[in-house]
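Secondary and tertiary structure notes
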Amino acid sequence: MLKFEQYVRPDTPQEAFDLLQENRLATIIGGMMWLRLSDRTIPVGIDLSGCGLNTIEETDGAFIIGAMVTLGQLENHEAFKQMTRGVFTDGVHDIIGTQFRNLATVGGSAYARMGFSDIVTALLPLDTWCEFTGAGTMRFADFVNGGAARDVLERIVVKKHDYRASFQCLRNSATDFSTLNVCAALWENEWHLAVGARPKKAKFLEGDDLALPVGFTNEQLAAACENARYLNYGTDRRGSAEYRAELAELLSRRAIQAAAAQSSVEEELARAAEANKPRGISQ
Ligand SMILES: Cc1cc2nc3c(=O)[nH]c(=O)nc-3n(C[C@H](O)[C@H](O)[C@H](O)COP(=O)(O)OP(=O)(O)OC[C@H]3O[C@@H](n4cnc5c(N)ncnc54)[C@H](O)[C@@H]3O)c2cc1C
């Protein structure tokens, strides 16, 4: 059972950060859905729910997502979903159930960088940044690779672009962890690809590592998807390393093709409006 010797609910992320530095074993509490599974005694539990980090703000250039925003809040945010082509919504869709997703937080999910995470994979190929009290601002991909030491994650910032994107995963059964997950995104004339649940932490490919031009040929697509095959996979009870390598190639191809087939958000909205127009009754 998880026990706290002391529980604190600071008013600001800075207070939370100071408390975290004061005690080596102090622990930040997000939605506590993962934390509560552990069997240990934590001397100081620092609950971020009073720090005002539970809002999604849309500015001209970005969506600014507080660390305490729940998965449910973000998956149902229409403007964010539209811009990101639903990759976050698709990524979290099969995580346990609605009640669970209304408690688990985006910050707790991003900070923990779990190997099986669908959330990390969905956010990685977007233009995503994280803001920490302590370590400052860094690209999400750098945080996933390198991490931040005992910092408070305040916000996730997803910059606005005309994204084409798609999330794909395979689960052996509904609500199980993904056996493998992939998210592809095209923005600023460059493709970005994340492959997670390998079952280790997600890997991220872009630029020369992915080598996929915007208007790719079939051969270039095949070569890029083959790159995903060699990302070093592991074996667990959900699948062997060989099976995951096959899946990575297949799901990468599906994700890239699905994203490449999308038109701009404006075109899709105009098409939907046209389809919904009331029609006169023909004689
Ligand atoms: C049974 C179960 C099944 C799941 N299945 C899936 C799945 O299929 N796919 C998937 O992607 N995820 C899955 N998850 C993970 C889930 O989606 C959340 O990512 C997870 O619960 C963490 O979010 P939380 O808000 O509960 O964080 P918490 O449990 O509160 O915290 C997790 C860790 O992050 C730290 N932390 C939290 N917030 C911050 C912050 N703002 N700054 C710094 N550190 C912080 C905590 O100290 C802790 O170490 C599952 C979880 C459970 C319990």
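**Some remarks on a nonpolar patch on the surface**
Taken together, the side chains of Trp-34, Leu-37 and Phe-177 present a nonpolar region at the surface, about 320 Å² in accessible area. Looking at the secondary structure, you find Trp-34 in the loop between strand 2 (27-29) and strand 3 (41-47).

**Some thoughts on helix 9 (residues 218-229)**
Residues lying three or four places apart along an α-helix face the same way, a consequence of the helix completing one turn every 3.6 residues. Spanning 12 residues, helix 9 covers 17 Å between terminal C-alpha atoms, matching the ideal 16 Å at 1.5 Å per step. Turning to helix 9, its buried residues are Leu-221, Ala-224, Cys-225 and Ala-228. Down the axis, helix 9 shows its buried residues gathered within 95° of arc, on one side only. Those residues of helix 9 that are buried lie in contact with strand 11 (190-196), strand 12 (203-206) and helix 10 (241-260).

**So, the site of the ligand**
Near the ligand, the surroundings consist of 31 residues, among which Ile-28, Met-32, Thr-105, Ser-109 and Asp-118 are the closest. Here Ser-109 contributes a side-chain N or O atom positioned 2.7 Å from an oxygen atom of the ligand. The contact in question runs from an oxygen atom of the ligand to an N or O atom on the backbone of Asp-118, over 2.7 Å. Considering the ligand on its own, with 970 Å² of exposed area, one finds that the protein chains cover 91% of that surface. Judged by the fraction of its atoms near the pocket grid, the ligand is located in the largest pocket. Sorting the residues of the shell around the ligand by element identifies strand 2, helix 6 (106-112), helix 7 (118-123) and strand 8 (152-159) as the ones contributing at least two each. Partitioning the shell around the ligand into residue classes produces 20 nonpolar, seven polar and four charged.

**Regarding the packing of aromatic side chains**
Inspection of every chain in the model, using the stated rule, returns 10 aromatic pairs. Here Tyr-111 and Phe-132 contribute two aromatic rings whose centre-to-centre distance is 6.3 Å and whose plane-to-plane angle is 70°, an arrangement assigned as edge-to-face. Here Tyr-111 is found in helix 6, whereas its partner Phe-132 is found in strand 6 (residues 128-133), with 21 residues between them in sequence. Relative accessible area serves as the criterion here: at 6%, Phe-132 is assigned to the buried category. Over the ring of Phe-143 we find Arg-113, and its NZ or CZ is 4.7 Å from the ring centre.

**So, the layout of surface pockets**
Space inside the largest pocket adds up to approximately 970 Å³. Contributing to the lining of the largest pocket are 47 residues, with Trp-34, Gly-108, Ser-109, Ala-112 and Met-114 lying nearest its centre. Of all the secondary-structure elements, those providing two or more residues to the lining of the largest pocket are strand 2, strand 3, helix 6, helix 7 and strand 8. Broken down by element, the lining of the largest pocket gets its largest block of residues, five residues, from helix 6. Class assignment for the residues of the lining of the largest pocket results in 28 nonpolar, 10 polar and nine charged.

**As for the side chain of Thr-133**
If you trace the backbone, Thr-133 turns up in strand 6. Thr-133 sits in the buried class, given a relative accessible area of 7%. Looking at Thr-133, its side chain comes within polar contact range of the side chain of Glu-154, at 2.5 Å. Excluding anything up to four places from it in sequence, Thr-133 contacts Pro-13, Gln-14, Phe-17, Asp-151, Val-152 and Glu-154.

Rules behind the numbers
- Residues numbered from 1 in each chain as written.
- Predicted model: local features only at pLDDT ≥ 70, side-chain atom pairs only at ≥ 80, totals over all residues.
- Heavy atoms only, no water.
- Patch = residues over 30% accessible without salt bridge, like charges linked within 9 Å, V, L, I, M, F, W, Y side chains within 5 Å.
- Areas by Shrake-Rupley, 256 points an atom, 1.4 Å probe, with all protein chains shown as cover.
- Salt bridge = Lys/Arg side-chain N within 4 Å of Asp/Glu carboxyl O.
- Helix = DSSP H or I, 4+ residues; strand = E, 2+ residues; numbered from the N terminus.
- Expected span 1.5 Å × (residues − 1).
- Buried < 20%, exposed > 50% of the residue type's maximum accessible area, 1.4 Å probe, protein only.
- Arc of directions from axis to C-beta.
- Contact = heavy atoms within 4.5 Å.
- Near = heavy atom within 4 Å.
- Polar contact = N/O pair within 3.5 Å; in protein donor to acceptor, adjacent residues only side chain to side chain.
- 1 Å grid on protein atoms, 1.4 Å probe; cavity = no way out; pocket = protein on both sides within 12 Å on 5 of 7 lines; lining within 4 Å.
- Sits in = over half its atoms within 2 Å of the grid points.
- Nonpolar A, V, L, I, M, F, W, Y, C, P; charged D, E, K, R; others polar.
- Phe/Tyr/Trp six-rings, centres within 6.5 Å; stacked < 30°, edge-to-face > 60°.
- Lys NZ or Arg CZ within 6 Å of the ring centre and 35° of its normal.
- Points joined across faces, edges and corners; volume = space filled by probe spheres on them.

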